[in-house]
Amino acid sequence: MSQVETFEFQAEAQQLLQLMIHSIYSNKDVFLRELVSNASDALDKLRLESLVDKELDADTSDLHVELVADRDQHTLTVRDNGIGMTREQVIELIGTIARSGTAEFVDRWRQAKHDGTAELIGKFGIGFYSSFMVADRVVLVTRRAGQSEGTRWESTGSDTYQLSTVPDAAPGTAVTLHLKPADEDNHLFDYADPAVLRRIVKRYSDFIAWPIRMAAPEAAQSETLNSMKALWSRSAAEIKPEEYTEFYRHVSHDWTDPLETIHLRAEGALEFDALLFLPASAPYDLHMRGARRGVQLYIKRVFIMDDCEALLPEYLRFVKGVVDSADLSLNVSREILQQDRQIQTIRRRLVKKVLGTLKDMLAKDPQRYAAFWREFGQAVKEGLVNDPDNRAAILDVVQLASTHDLDQPTTLRAYVERMKPGQTEIFHLVGEQRGTLENSPHLEAFAANGVEVLLLHDPVDAMWVDMVGDFDGKPFTSASRGEVDLKAEHEQPPAVEEYAELLSWMGGRLADRVKEVRLSSRLTTSAACLVTDTLDASPALEKLYRAMGQDLPAAKRILELNAQHPLVDKLRAAHGERGDDDGLAETAEFLHAMAVLAEGGELDDPAGFTRRLADRLSRTL
Ligand SMILES: Nc1ncnc2c1ncn2[C@@H]1O[C@H](COP(=O)(O)OP(=O)(O)OP(=O)(O)O)[C@@H](O)[C@H]1O
């Protein structure tokens with residue numbers, strides 16, 4: 001054997017390994033599912049690569065996974081004759097946490113001092129490292145298809161691993177676990193016992209498309225442990241819920257149960273099977289750029305690719321599963337797929353099916369739907385912007401916070417049913433913080449008149465609400481834009497003439513910041529608020545565009561004053577007596593600053609504001 005070199009695991013990989021070794025995760029059997037899953041992926045990859053690259057020197061005549069249990073040595077080997085890994089790949093894939101964002105996530109998780117690993121494990125698959133739940137030493141020997149030499153990797157799961165070159169390695173990958181002693185109280189079984197292995201494979205890996213064989217010491221022939229039936233091609237009536245769950249875990253690398261299973265079999269002109277899942281909780285990278293998305297694509301049971309983006313729009317990126325089409329060419333590439341008419345038709349069907357499933361869930365099980373919405377609602381709302389064809393179906397399943405009941409989000413349908421006689425618009429208020437919205441001065445007259453307002457505080461809300469226009473013929477109208485006309489009975493007509501001079505003087509004084517100063521019909525208790533002119537973009541939308549790197553010039557707002565407020569009334573009287581002086585100008589500035597703060601905005605000169613306010617207050621004492 002060649003020289004042995006020692007390497008250090010990447011720091012985050014070490015942390016993850018420690019979590020595995022000291023795992024309190026009770027179900028240790030799942031290590032085998034992870035290893036078989038990796039082996040099955042490696043077989044898929046080799047078959048695909050040999051189809052694409054006719055020159056590849058690889059034998060694909062008997063692709064399979066093999067379990068070799070040695071009770072005397074107390075070892076278990078999981079072997080595949082799949083694609084294998086090069087030395088560099090072993091270092092990259094096994095020595096580090098390769099997937100972007102995962103390392104950062106583990107770090108943040110540790111810093112937040114979360115205890116327990118079950119939840120962490122649920123956030124993303126641990127894969128190969130789960131071997132260290134059951135073994136105190138792991139040896140991996142692998143040879144990449146087309147290469148002449150193999151690589152041996154060995155580790156006890158501490159800080160380092162050893163690498164060496166193996167000239168005569170068999171093609172594919174063999175992982176040998178030096179098993180920890182069985183400790184059934186701790187759910188650690190004898191994984192060199194064929195009966196235990198049979199049970200685990202049947203339970204977790206039955207649907208794997210490749211044979212999983214076990215050499216039977218007493219018999220000449222090895223036995224195949226799994227039925228190998230592609231789950232999606234079986235009829236839904238004969239599939240047990242556990243089978244769906246295990247399949248979900250296999251495709252999603254999630255260790256929890258799916259929230260919903262969608263099994264679709266399309267027949268006729270375009271034939272395809274789809275088995276889709278809605279996860280119970282969002283992955284940590286749901287809102288990160290470049291996160292993995294899409295489902296697996298199979299063509300006539302042959303695995304073609306993971307993360308096939310062309311099959312589902314980005315706003316449904318959390319959907320996991322498999323699509324198997326009967327009619328595509330095996331030579332497809334990602335670029336071709338985007339253009340392919342059949343793929344587009346399948347995609348349309350899948351989107352309709354997913355949105356239809358959401359609608360049913362909302363009607364039949366609102367509580368479960370609420371859990372779904374908490375996790376994925378923000379992503380679904382992106383569809384209102386990006387998928388105009390399905391806008392109506394998305395609007396049907398949207399849940400929004402509302403002043404009607406601050407603890408329970410509402411559907412738009414329920415809002416419309418509660419609209420007051422004569423109310424023709426759906427009112428909403430967009431902002432960044434839910435709390436700021438709830439207390440916003442813009443809501444005062446709405447509250448006084450019992451008119452419900454939707455509180456939209458997700459970044460994407462600012463975008464869709466302007467784009468969508470209406471629901472059920474009722475336009476979306478911002479509570480902080482243009483004039484409001486609530487036709488309140490108690491309201492006194494604003495004393496426009498009395499205020500004309502004050503308004504025009506203040507308009508001049510604040511001209512660099514506001515378009516106009518006018519009397520408000522939306523305030524009952526606050527002195528002032530800022531509103532957006534009818535055709536201007538809301539500040540939330542401006543901010544969103546800026547965050548996306550598009551510089552939208554800031555539109556000036558309109559300052560509205562409450563004529564019933566003593567401060568405004570006294571300012572009018574003082575201005576009538578004294579005209580323009582510095583003290584009054586400062587009060588005008590204060591009114592503007594208060595309006596900015598009340599809607600959660602930022603002052604241009606917060607330090608100057610507090611200095612002037614402190615001066616003022618000290619004079620009142
Ligand atoms: N038997 C194998 N044959 C070839 N490559 C493998 C094998 N086992 C693991 N790998 C490579 O190592 C990578 C890391 O494996 P690991 O099980 O840690 O994570 P994963 O399967 O990618 O995802 P997850 O962590 O979500 O399970 C795999 O993506 C694959 O590229």
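Thresholds applied
- Residues numbered from 1 in each chain as written.
- Predicted model: local features only at pLDDT ≥ 70, side-chain atom pairs only at ≥ 80, totals over all residues.
- Helix = DSSP H or I, 4+ residues; strand = E, 2+ residues; numbered from the N terminus.
- Rg over C-alpha atoms; globule rule 2.2 N^0.38 Å.
- Buried ≥ 20, exposed ≤ 12 C-beta atoms within 10 Å, placed from the backbone.
- Expected span 1.5 Å × (residues − 1).
- Pairing = 2+ DSSP bridges.
- Axes fitted to C-alpha atoms, helices over the stretch in contact; angles between N-to-C directions.
- Contact = placed C-beta atoms within 7 Å.
- Core = buried A, V, L, I, M, F, W, Y, C linked by C-beta atoms within 7 Å.
- UniProt positions renumbered as here; feature names shortened; annotations may be inferred.
- pLDDT = per-residue confidence, 0-100.

Draft legend 1. Molecular detail of the overall build of the protein. Summing up its helical and strand segments, the protein has 20 helices and 23 strands in all. Against the compact-globule benchmark of 25 Å for 621 residues, the protein has a radius of gyration of 32 Å, which places it well outside the compact range. Burial statistics for the protein: of 621 residues in total, 38% are counted as buried.

Draft legend 2. Seen up close, the environment of Val 568. Relative to the elements of secondary structure, Val 568 occurs in helix 18 (residues 566-578). On the basis of neighbour counts, which here come to 21 C-beta atoms within 10 Å, the residue Val 568 falls in the buried class. The spacing of Val 568 and Ala 527 is 41 residues in sequence and 6.5 Å in space, taken between C-alpha atoms.

Draft legend 3. Molecular detail of helix 20 (residues 606-620). Over its 15 residues, helix 20 extends 21 Å from the first C-alpha to the last, a length consistent with the 21 Å expected when each residue adds 1.5 Å. Across the 15 residues that make up helix 20, only a small minority, 0, are buried.

Draft legend 4. Broad picture of the sheet that holds strand 23 (residues 557-561). Pairing within the open sheet is mixed, and its 3 strands lie in the order 21-23-22. Strand pairing shows two members of the sheet lacking a second neighbour, strand 21 (514-519) and strand 22 (528-531), which therefore form its edges. In this sheet, adjacent strand axes meet at a mean angle of 25 degrees when their direction is disregarded. In this structure, strand 22 lies alongside strand 23, joined through 4 bridges in antiparallel fashion. Residue pairing in the sheet places Ala 528 in a bridge with Leu 561 of strand 23.

Draft legend 5. Broad picture of the sheet that holds strand 18 (residues 454-456). Spatial strand order, 16-15-18-17-20-19: 6 strands in an open sheet with mixed pairing. The open sheet terminates on both sides in strands that have one partner only, identified here as strand 16 (405-410) and strand 19 (470-471). Of the pairings in the sheet, the one linking strand 17 (residues 426-430) to strand 18 comprises 3 bridges and is parallel in character. Looking at strand 18, one finds that Val 430 is bridged to Leu 456. In the packing of helix 15 (residues 461-468) onto the sheet, contacts are made with strand 17, strand 18 and strand 20 (474-478), and the angle to strand 17 comes to roughly 150 degrees.

Draft legend 6. Layout of the nonpolar core. Core analysis: the biggest nonpolar cluster contains 148 residues, and Val 36, Leu 311, Val 453, Leu 454 and Leu 561 have the highest contact counts within it. Excluding its chain neighbours within four sequence positions, the residues that come into contact with Leu 454 are Leu 400, Ala 401, Ser 402, Tyr 415, Ile 426, Phe 427 and His 428.

Draft legend 7. The pairing of strand 4 (residues 135-143), seen in detail. Looking at chain direction, strand 4 and strand 7 (residues 172-179) are connected through 8 bridges and run antiparallel. Within strand 7, the position partnered with Arg 137 by the bridge is His 178. Bridging between strand 4 and strand 5 (residues 150-155) involves 5 bridges; their strand directions are antiparallel. Residue Val 138 lies in a different strand from strand 5, and its bridge partner there is Ser 155.

Draft legend 8. The arrangement of the pairing of strand 17 in detail. Burial of strand 17 is extensive: 5 of the 5 residues sit out of reach of the surface. Neither face of strand 17 is open: one carries Ile 426, His 428 and Val 430, the other Phe 427 and Leu 429, and all of them are buried.

Draft legend 9. Region of interest: unusual backbone geometry. Its identity as a non-glycine residue notwithstanding, His 74 has a phi of 60 degrees, on the positive side. Counting through the fold element by element, His 74 comes out in the loop between strand 2 (65-70) and strand 3 (75-80). Here His 74 falls in the partly exposed class, since 17 other C-beta atoms lie within 10 Å of it. Here His 187, not a glycine, exhibits a phi torsion of approximately 60 degrees, which is positive. Within the element layout of this structure, His 187 appears in the loop between strand 7 and helix 6 (194-205).

Draft legend 10. Seen up close, the UniProt feature "binding site: ATP" (unreviewed entry) in the protein. The sites that carry the UniProt feature "binding site: ATP" (unreviewed entry) are, in the present numbering, Glu 34, Asn 38, Asp 80, Met 85, Ser 100, Gly 101, Thr 173 and Arg 334. The class for Thr 173 is buried, based on 27 C-beta atoms found within 10 Å. Residues within four places of Thr 173 in sequence aside, it is in contact with Ala 39, Ala 42, Asp 80, Gly 82, Gly 84, Met 85, Leu 140 and Thr 142. Tracing the backbone through its elements, the reader meets Arg 334 in helix 8 (residues 334-339). Assessed through the 13 C-beta atoms surrounding it within 10 Å, Arg 334 is described here as partly exposed.

Draft legend 11. Representation of the environment of Phe 590 in the model. Tracing the backbone shows Phe 590 in helix 19 (residues 582-598). Put simply, Phe 590 and Leu 613 are 23 residues apart on the chain and 8.3 Å apart in space, counted from C-alpha to C-alpha.

Draft legend 12. Examining the environment of Tyr 248 more closely. Tracing the sequence through the fold places Tyr 248 in helix 7 (residues 241-252). Under the C-beta neighbour-count criterion, Tyr 248 is labelled buried, with 24 such atoms within 10 Å. For the pair Tyr 248 and Val 322, spaced 74 residues apart in the sequence, the C-alpha separation amounts to 9.5 Å. Excluding anything up to four places from it in sequence, Tyr 248 contacts Pro 258, Phe 277 and Lys 320.

Draft legend 13. Just the confidence of the model for the protein, in detail. On average, residues of the protein score 89 in pLDDT, and 92% of them reach the 70 mark or higher. Overall fold confidence for the complex sits at a pTM of 0.76, while the interface term, ipTM, reaches 0.96.

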